[in-house]
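Coordinate inspection notes
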Amino acid sequence: MTSATAPARDVLTRAEAEARAARVRNVSYDLHISMTRGAATYRGDVTAQFDVEPGDALFLDFRGKQIERLEVNGQPLTPDWNGVRLLLPGAALRPRTVVRVVYENAYDHTGDGLHQFIDPEDGQEYVYTNFEPFDAHRLFPCFDQPDLKATYALTVTAPAEWVVIGNSREVRATPEADGRLTRAFERTKPFSTYLFALVAGPYHVVRDAYRDIPLGLFCRNSLVKYFDADELFLLTKQGLAFYEDFFGYPYPFGKYDQVFVPEFNAGAMENVACVTYNERHIFRDPPTDNQRQNRAETLLHEMAHMWFGDLVTMRWWNDLWLNESFATYMAYLALVSATRFTRAWTDFNAGMKAWAYRQDQLVTTHPIAGPVEDTDQTFLNFDGITYGKGAAVLKQLAAAIGPEAFRAGMRRYFQRYAFGNATLAQFLDALQEGSGRDLHAWARLWLETPSLNTLSVDWQQENGRITRLRVLQTAPEEYPTLRPHHIEIALGREGPDGRVGVETLPADVDGPETDVPAAVGRPTPAFVFPNHNDLAYAKVSLDPASLAYVRDHLERIEDPLLRQLLWSALWDMVRDQQLKSTDFIALASDKVQYETDLELVEAIIARCQGALARYVPDDRRREMFHRFFTAAWQALRAAPPGDAQIIWARALIAAAQPGEDLDLVIALADGRESVPGLSVDQEMRWDIVAKCMAYAVPDARERLAAERQRDPSDRGQRAALRAEVSAPDPAVKAAAWERFHGEGYGSLYLTAAAMSGFHWYAQRDLLAPYVEAFFERVFGIFETRDKEFAQTYFNHLFPGYRVERPVLARSERLLAEVGERNTLLRRMLREANDDLLRAIRCREFAAS
Ligand SMILES: [Zn+2]
């Protein structure tokens, strides 16, 4: 037996992957996993078979607890294993090599690998895998890279009352002497290791079918009362029909299961025929339609991956952006084409593009496409550029070549590379054939240069007519690329009824200045906006006359997408210190009362919350919070029951500061105050309790105990932890701090919940010692703990609530010390410092 003692750093480089792919072919795995209820470990027995060119030693990736037996081509060998790589000596290899490894492994509790969860409500045990990009080898020894596709024959021995879900259909179930059951699954089609899945436990199942494709939906027993399978099945069928037709390729994987799993780190994961979802997509409280649309987007995103990602897979992680951007773009196209969410492009702007713009203006911005040297770097790139900007430019690409050429290109691509791998160049070639355009030149300009351009309009008028109109384009000093943009310029004018309609002028912008002669002689507009219909990927800076009009009369504009784009432009001006955060909040508090588009209402609220948290000077903070709270209270009472009430009630609770505002929301929770039609849901109740604890409301502890009784679920457990750590008590903070660094709270999810209660702005005196403590300890955390833990630690404990120059200086000093020694910490520090500097400047500007 060989145990893993001090594992080496678990990373695979591009060069290593290339060398291995050049030698290895035709891989298959026969995997048996054995699980017992309530155990800390599970057992595995894998047989890998592959063709290999003889020569040097070859390695399998494997991170486990212990190897009990290793056989190579029938010969037992003593494992040469450093805890993450199992070396197969060159002399033992044959042209067709068979490797068998029998091993034991511990369950994971970080949401990756094979994650184990015990439901606090009923004691039931659930497990599931999550592997992207590089964690399949935490379940079994394998060649853990996307271009060594393999077939898998899985058998699982597990408690008889458990459901077991894999990537293919179950073909046999055999009882064991100990009462457990062994299920065998059909050998799969070839796919990459990161897409392998194993889910097991007493999951609740609902079944349906789409033509001859069996559909399954799964969730924990304690969530069945919230499970709305009908809407999920409807979307699933709409999506399958849309994609099969659009891609001209039938669904390739035989069955389609979707499983909602506990303590999931991301939104969802596109495992072959076994998609896993975060449980936030099961609504325990009444959701808004925006939440339903987001869930539908996620569902269609994962489904698009069944073709783009799973059937045809990137060769290496440098094309991850293409994988994610494509699925994101296709999900929105499917939403508007095949579901009831026909206005989803508005959400695309508010969500995806806003995320991309923000990320693209950070110091850590990067080209959409670029080299990825190892799997650690891949981990860093799941960001707004990968998902949002990539999708925005793909949307432009599809518009440029036309929908029919785009569709024909996609059909060629799937026919050509099915069950194989492809690169960006091969994707572009497939689209280019027949489109008559050189897409590689487009790729260089949009995919290989970072950052974004700003568009503004310079215009003059005389006697009620435009005399000249130019579109100006700028780029940041560090990234001076100017790009061609096909845009529509909106000339907004008030009609006799006071409503504002627009005249649009198309323009092809190129270079720093583009004259638009078509504008000359047009009647003078009230305002000009150079990105009507959101065609461009660019920031807009409003000219002074347009800004003045928009600030006064934004609510008069008819088109909701244009209103949204204008709100985004105003928000960009806040972030760029051209508009004071306090003015923005005042403006939003007034105007939002008139806003009828609920998606836009949510976007405005989110920006106000961002501004309140970090961009408002300390001495105006209370006043601005109260101003926004008052607007929310007014809007809540005016709102009809349903989504608008839910949105405003959440905003009201979030804005409540101690004193009469907090008293008001407590009264709402207690039923002493009420709004007809509104019920304060459980999530809202937990938010109120956390505030009661943080602000030491006299009966806070009794309230916490009452909510615990009301909600004994896993969510209640996390919310209670957060509330407890929120108490303004030095002993509570000290104990929590020790525990974050020590044994934690069980799973990473629970530890994160506790961390989320640690920082409160109002407790900054009490928390002062933890600023230095964070900077002293964070490097050690990143050097010794899992990436997932380190990232969670940073996100919750970096003292970003202190928008202060000394904190920034301390953080810059640490960044200098870290240097290149830890790339993940380096990237997180650079982004946090950049955000902090921006917040400091916004506060200074607002105070000026
Ligand atoms: Zn995805």
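Just so it is clear, the structure is predicted and the values come from calculations on it, not from any experiment.

Observations concerning the overall build of the protein chain
On a plain count of helices and strands, the protein chain comes out with 27 helices and 30 strands. Here the protein chain has a C-alpha radius of gyration of 28 Å; the compact-globule value for 848 residues is 29 Å, and the two agree. Seen along its three principal axes, the alpha-carbon backbone of the protein chain occupies a region of about 90 × 70 × 55 Å. Burial analysis of the protein chain (848 residues in total) assigns 61% to the buried set.

Considerations on the coordination of the zinc ion
Around the zinc ion, the protein contributes the donor atoms H301 (NE2), H305 (NE2) and E324 (OE), which lie 2.0 to 2.2 Å from the metal centre. Read from N- to C-terminus, the donor residues coordinating the zinc ion fall into the pattern H-x3-H-x18-E. Of this pair, H305 sits in helix α3 (residues 289-307) while E324 sits in helix α4 (residues 320-338), and the two are 19 residues apart along the sequence. Across this residue pair, the class does not change: H305 and E324 are buried.

Description of the pairing of strand β4 (residues 58-61)
Every regular strand shows the same layout, with side chains that alternate between the two sheet faces. By the alternation rule, side chains of β4 split into L58 and L60 and F59 and D61, which are all buried. Pairing analysis gives 4 bridges linking β4 to strand β8 (residues 85-88), with the strands arranged antiparallel. Bridge assignment links D61 to a residue of β8, and that residue is R85.

What about unusual backbone geometry?
The linkage connecting E132 with the following residue, P133, adopts the cis geometry, with an omega of 0 degrees. Topologically, P133 is positioned in the loop between β11 (125-130) and β12 (150-158). Backbone geometry at A273 places phi at a positive 55 degrees, although glycine is not the residue there. The topology assignment puts A273 in the loop between β20 (268-269) and β21 (274-278). By relative accessible area, A273 is classed as buried at 0%. The phi torsion at A696 lies on the positive side, around 50 degrees, for a residue other than glycine. Along the polypeptide, A696 turns up in the loop between α18 (682-694) and α19 (700-710).

Focus on helix α14 (residues 598-614)
In a regular helix each residue adds 1.5 Å, so 17 residues correspond to 24 Å; α14 covers 25 Å between its end C-alpha atoms and thus fits that length. When α14 is considered as a whole, its buried residues turn out to be E599, L600, V601, A603, I604, I605, R607, C608, A611 and L612. Where the residues of α14 are buried, they touch α3, α5 (344-360), α12 (560-575), α13 (581-591), α15 (618-638) and α16 (643-655). Sitting at the head of α14, D597 places a side-chain oxygen 3.2 Å from the backbone nitrogen of E599.

Section: the sheet that holds strand β29 (residues 527-529)
Within the open sheet, the 3 strands sit side by side as β27-β26-β29. Their pairing is antiparallel. Only two strands of the sheet have a single partner each, and these edge strands are β27 (500-509) and β29. Averaged over all neighbouring strand pairs, the angle between strand axes comes to 20 degrees, with direction disregarded. Bridge count for strand β26 (residues 485-494) against β29 is 3 bridges, and the pairing is antiparallel. When the sheet's bridge partners are listed, A490 is paired in β29 with F529. Where helix α11 (residues 544-553) meets the sheet, it contacts β26, β27 and β29, and its direction lies at approximately 100 degrees from that of β29. This element, α12, spans β27 and β29 of the sheet and lies at about 90 degrees to β29.

What to know about the pairing of strand β19 (residues 256-261)
For β19, a buried count of 6 out of 6 residues is recorded, marking the element as mostly surrounded by other parts of the structure. Taking every second residue as pointing to the same face, both faces of β19 are buried, with Y256, Q258 and F260 on one and D257, V259 and V261 on the other. In terms of strand pairing, strand β18 (residues 213-219) meets β19 through 4 bridges, oriented parallel. Across the sheet, L215 pairs through a bridge with Y256, a residue of β19.

The rules behind the values
Residues numbered from 1 in each chain as written. Predicted model: local features only at pLDDT ≥ 70, side-chain atom pairs only at ≥ 80, totals over all residues. Heavy atoms only, no water. Helix = DSSP H or I, 4+ residues; strand = E, 2+ residues; numbered from the N terminus. Rg over C-alpha atoms; globule rule 2.2 N^0.38 Å. Buried < 20%, exposed > 50% of the residue type's maximum accessible area, 1.4 Å probe, protein only. Donors = N, O, S within 2.8 Å, 3.2 Å for Na, K, Ca; no water. Pairing = 2+ DSSP bridges. Expected span 1.5 Å × (residues − 1). Contact = heavy atoms within 4.5 Å. Polar contact = N/O pair within 3.5 Å; in protein donor to acceptor, adjacent residues only side chain to side chain. Axes fitted to C-alpha atoms, helices over the stretch in contact; angles between N-to-C directions.

Nothing here speaks to function; it is geometry throughout.
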